[in-house]
Amino acid sequence: MYWRVKEGHEGKFNIGDGFPTFASYGDLCVYGTPVLEYPDLVKVAFHGGDTCDPDKRKWGPGVKVDKLKEWVEERLGGMVDSSEAVVKQSCMYSMTADEDFVIDYLGGEFGKDVVVGGGFSGHGFKMAPVIGRILTQLVVDGEASGVDLKHFRIGRFNTTTSN
Ligand SMILES: Cc1cc2nc3c(=O)[nH]c(=O)nc-3n(C[C@H](O)[C@H](O)[C@H](O)COP(=O)(O)OP(=O)(O)OC[C@H]3O[C@@H](n4cnc5c(N)ncnc54)[C@H](O)[C@@H]3O)c2cc1C
């Protein structure tokens, strides 16, 4: 969802002026970013939804639009028009069980020959530069510097072993 910034407040939502990417974890998981692609709009969207078959997915604006309007009005109403989102798109993403990334060697018979970077659960785009560096180092150097990748290990969903 992209919302119109009210006249006189346009400059406040630019990346160059320090407007952040943000997330708000409440009843509704709302997130937003400064917008480069649509001048004078700001992205404030809802993260969530139902499991779907990619070939039979719904293409509507998604669910809980009214709740999102309320959120925008309450938090940004003075500066953003909450009456209706100007642009509406629905996303589809691959989710892991804990909604976090998988960054690891595939292991098993493949050992360290295959590196996996996936399961970004709808929040991988903003991390692309650092993920790119980590994956490159895993491939080229056999380890990533300055980061502890335990949290992202592929075996964490396996309940039959202590990976
Ligand atoms: C509409 C939408 C909005 C989003 N908004 C945000 C956001 O605001 N912030 C955020 O952080 N994240 C956002 N995300 C999530 C983010 O885009 C993903 O987490 C991220 O792009 C995942 O990166 P990836 O490299 O795993 O997969 P992808 O970016 O999907 O890259 C996979 C690549 O593999 C290629 N490919 C597929 N099959 C083959 C094949 N057989 N051979 C060769 N190439 C192949 C594809 O063409 C593609 O280029 C959004 C996602 C969507 C869909």
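Looking at an unreviewed UniProt entry, one finds the chain named Putative sarcosine oxidase and attributed to Lupinus albus. Under the heading Cofactor (unreviewed entry), UniProt records this for the chain: "FAD".

Engineer: Go over a nonpolar patch on the surface with me, naming the residues and quoting the values.
Structural biologist: On the surface, a nonpolar cluster with roughly 230 Å² of combined accessible area is contributed by L106, F110 and I154. The residue I154 is located in the segment after α2 (128–140) in this model. Overall, I154 belongs to the partly exposed group, its relative accessible area being 33%.

Engineer: Outline the site of the ligand, listing residues and values.
Structural biologist: Taken together, the neighbourhood of the ligand is formed by Y31, K43, C91, M92, Y93, F120, G122, H123, G124, F125 and K126. Within the side chain of K126, an N or O atom sits 2.9 Å from an oxygen atom of the ligand. Protein contact buries 37% of the 1000 Å² of open area that the ligand shows by itself. Taken together, the residues of the shell around the ligand sort by class into six nonpolar, three polar and two charged.

Engineer: Before we move on, could you go through unusual backbone geometry and cite the residues and values that matter?
Structural biologist: Positive phi outside glycine occurs at E99, with the angle close to 60 degrees. Assignment of secondary structure puts E99 in the loop between α1 (65–76) and β5 (102–105). Accessibility expressed as a relative area gives 39% for E99, which makes it partly exposed. One non-glycine residue, S121, adopts positive backbone phi at about 50 degrees. Mapped onto the elements of the fold, S121 is located in the loop between β6 (115–118) and α2.

Engineer: Before we move on, could you go through α2 and cite the residues and values that matter?
Structural biologist: Taking 1.5 Å of rise per residue, 13 residues should cover 18 Å, and α2 covers 18 Å from first to last C-alpha, within 8% of that figure. Residues of α2 that are buried: I131, I134, Q137 and L138. Along α2, the residues classed as buried sweep out an arc of 130 degrees about the axis, all on the same side. Exposed side of α2, more than 90 degrees from the buried face: P129, V139 and V140 are the residues found there. Contact partners of the buried residues in α2: β5 and β6.

Engineer: I'd love a proper account of the layout of surface pockets, names of residues and values included.
Structural biologist: For the largest pocket, the calculated volume is near 930 Å³. Lining the largest pocket are 30 residues; nearest its centre among them are G48, G49, D50, S90 and C91. Mapped onto the lining of the largest pocket, the elements with two or more residues apiece are β4 (41–46) and α1. At three residues, β4 tops the list of elements feeding residues into the lining of the largest pocket. Per-class residue counts for the lining of the largest pocket are 14 nonpolar, nine polar and seven charged. The volume enclosed by the second largest pocket comes to roughly 670 Å³. As for the second largest pocket, its lining consists of 25 residues, and the residues nearest its centre are Y31, G122, H123, F125 and K126. Taken together, the elements giving at least two residues each to the lining of the second largest pocket come down to β2 (22–25) and β3 (29–33). Residue classes in the lining of the second largest pocket are distributed as twelve nonpolar, seven polar and six charged.

Engineer: Could you give an account of the domain arrangement of the chain, with specific residues and numbers?
Structural biologist: Its domain assignment divides the chain into domain 1 (2–76) and domain 2 (102–157). In this structure, domain 1 and domain 2 have C-alpha centres spaced 29 Å apart.

Rules used throughout
- Here the residue numbering is sequential within each chain, running from 1 through the sequence in written order.
- Local features are withheld for residues below a pLDDT of 70 in this predicted model, meaning they are given only at 70 or higher, and side-chain atom pairs are given and counted only at 80 or more; totals for whole chains, interfaces and linings count all residues.
- For side-chain calculations, the full set of non-hydrogen atoms in the structure is used, while hydrogens and water are omitted.
- UniProt positions are given in the numbering used here, feature names are shortened, and annotations may be inferred rather than shown by experiment.
- Patches here are clusters of residues that have more than 30% relative accessible area and form no salt bridge, with a 9 Å joining cutoff for like charges and a 5 Å cutoff for nonpolar side chains (Val, Leu, Ile, Met, Phe, Trp, Tyr).
- Surface accessibility follows the Shrake-Rupley procedure with a 1.4 Å probe radius. Residue values consider only the protein chains on display as shielding.
- By definition, a salt bridge exists where a carboxyl oxygen of Asp or Glu is found within 4 Å of a side-chain nitrogen of Lys or Arg.
- Note on conventions: DSSP H or I runs of at least 4 residues are helices, E runs of at least 2 residues are strands, and numbering of each starts at the N terminus.
- Exposed residues in this analysis have more than 50% of their type's maximum accessible area, buried residues have under 20%, and partly exposed residues fall in between, with area computed by a 1.4 Å probe over protein chains only.
- Each residue is tested against the molecule or strand, and it is near if at least one of its non-hydrogen atoms lies within 4 Å.
- Counting of polar contacts relies on pairs of N or O atoms within 3.5 Å, with two restrictions inside protein: one atom must be capable of donating a hydrogen and the other of accepting it, and residues adjacent in sequence are counted only when both atoms are side-chain atoms.
- When residues are sorted by character, Ala, Val, Leu, Ile, Met, Phe, Trp, Tyr, Cys and Pro go into the nonpolar class, Asp, Glu, Lys and Arg into the charged class, and all the rest, Gly among them, into the polar class.
- For a helix, the expected span equals 1.5 Å multiplied by the residue count minus one.
- Throughout, the arc means that of the directions going from the helix axis to the C-beta atoms.
- Note on contacts: a residue pair qualifies if any of its non-hydrogen atoms lie within 4.5 Å across the two residues.
- Only protein atoms enter the 1 Å grid used here. Points where a 1.4 Å probe fits but cannot escape make up a cavity, open sets with protein on both sides within 12 Å along at least five of seven lines make up a pocket, and a residue lines them when an atom lies within 4 Å of a point.
- Grid points are joined across faces, edges and corners, and a volume is the space filled by probe spheres set on the points.
- Start and end points for every domain follow an automatic or database-based domain assignment.

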